[in-house]
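Reading the structure
Residue strings, one per chain:
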Amino acid sequence: GYLTYHAEVELTMPATEDCYIVNLTTDGRTVGSRRDGVRAATAASASGLVLSPTQAHRVRWAPDAAQLHLKIPRTSLESHLADMLGRPVDEVVDFEFGLDLSTRRGQALLRSVQFLAAELGSPAGLAEMPLARAQLEAYVLSALLHAGRHQFSDALAGHENVRRLGVLAP
C-alpha cells in the first residue's frame, strides 16, 4: 500500500506476531523506535524501516512523509528464505530496524516495490495475472532479504546456493 497522512502523526503499534511490516519512505521523513529501545530515522528514497513481528513499535511521521508499505506474512517470508538457503528457517528473521535504500540492493528493493505497486494499480496489470504477480512478489521478498541485514545475511551472501541451482560448476 501507499501511506501518507499530510500531518504530523505518531503511530503506536503492538507486535503483530504473524507478519513483518516494511515501510519504504518515498517522501519526507519518519522516526521510529522499538520496544527494545532501538531507534531509526528514515528519509525520502534513502531509508526505511522493517518492523519485527515480535516487537512493539512507535513511528512518528513528518507532515510531508509518504511510504510504500508492505505487510508480509511470517510464513511467506520465512519459507521463501528457507527455499533460498536450502534448509529450514524456524525462527523470526531479526532484521536491523533501519533499512538502507541508498545501496544497490536497497535501490533494487525500492524499484521492485514501486513496480509492484504500479502494476497492482494498473487495470491490465499484475492484479489480473496471478502467476506473474506471485513471481514478482517472490522477487520482492528476495530483494528484501538481500537489502536488509539479519542473522541469515552471511548465509545468503555465500555461493553454495548458486552451485545448488547449477549456475556454477560443483
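Structural notes, computed from the coordinates.

How each quantity is defined
Chains are numbered independently. Their residues run from 1 in the order of the written sequence. For this predicted model, a pLDDT threshold of at least 70 governs which residues receive local features, and a threshold of 80 or more governs which side-chain atom pairs are given and counted, while totals over whole chains, interfaces and linings are taken from all residues. Side-chain figures throughout are based on the complete set of non-hydrogen atoms in the structure, without hydrogens or water. Secondary structure elements are taken from DSSP: a helix is a run of H or I of four residues or more, a strand is a run of E of two residues or more, and numbering for both begins at the N terminus. Here a helix's expected span is defined as the number of its residues, less one, multiplied by 1.5 Å. By the convention used here, residues are in contact when the closest approach between their heavy atoms is within 4.5 Å. Here a Phe, Tyr or Trp ring, Trp counted by its six-membered ring, pairs with any other such ring whose centre lies within 6.5 Å, and the pair is stacked when the planes are under 30 degrees apart, edge-to-face when over 60, and tilted otherwise. Whether a residue is buried, partly exposed or exposed follows from its accessible area with a 1.4 Å probe, protein chains only, as a fraction of its type maximum: under 20%, in between, or over 50%, in that order. By convention a nonpolar core is built from buried Ala, Val, Leu, Ile, Met, Phe, Trp, Tyr and Cys residues, the set being connected through side-chain atoms within 4.5 Å.

1. So, helix α2 (residues 104–120)
Look at α2: 24 Å from first C-alpha to last across 17 residues, which is about the 24 Å you get at 1.5 Å a residue. Residues of α2 that are buried make contact with β3 (19–27), β8 (66–73), β9 (98–100) and α3 (130–147).

2. Section: the packing of aromatic side chains
Following the criterion strictly, the structure yields two aromatic pairs and no others. A centroid spacing of 4.8 Å and a plane angle of 85° characterise the contact between Y5 and W61, whose relative ring orientation is edge-to-face. Of this pair, Y5 sits in the loop between β1 (2–4) and β2 (9–13) while W61 sits in strand β7 (residues 57–61), placing them 56 residues apart in sequence. Overall, the relative accessible area of 2% leaves W61 in the buried class.

3. Regarding the nonpolar core
If you look at the biggest cluster of nonpolar residues, it comprises 32 residues, and the most contacted ones within it are L24, L77, L99, L109 and L144. Among the secondary structure elements, those contributing two or more residues to this core are β3, β8, α1 (74–85), α2 and α3. Of the residues forming this core, the biggest block, seven residues, is contributed by α3. Excluding its chain neighbours within four sequence positions, the residues that come into contact with L24 are S47, G48, A66, Q67, L68, L99, L101, L109, L110 and V113. Counting ten residues, the second largest nonpolar core, distinct from the first, contains L51, V59, W61 and F97.

4. Points about the environment of L156
Here L156 shows up in helix α4 (residues 153–157). A relative accessible area of 8% places L156 in the buried class. In this structure the C-alpha to C-alpha distance between L156 and M84, which are 72 residues apart in sequence, comes to 7.6 Å. What L156 contacts, discounting residues up to four positions off in sequence, is L81, M84, L85, L145, H146 and H150.

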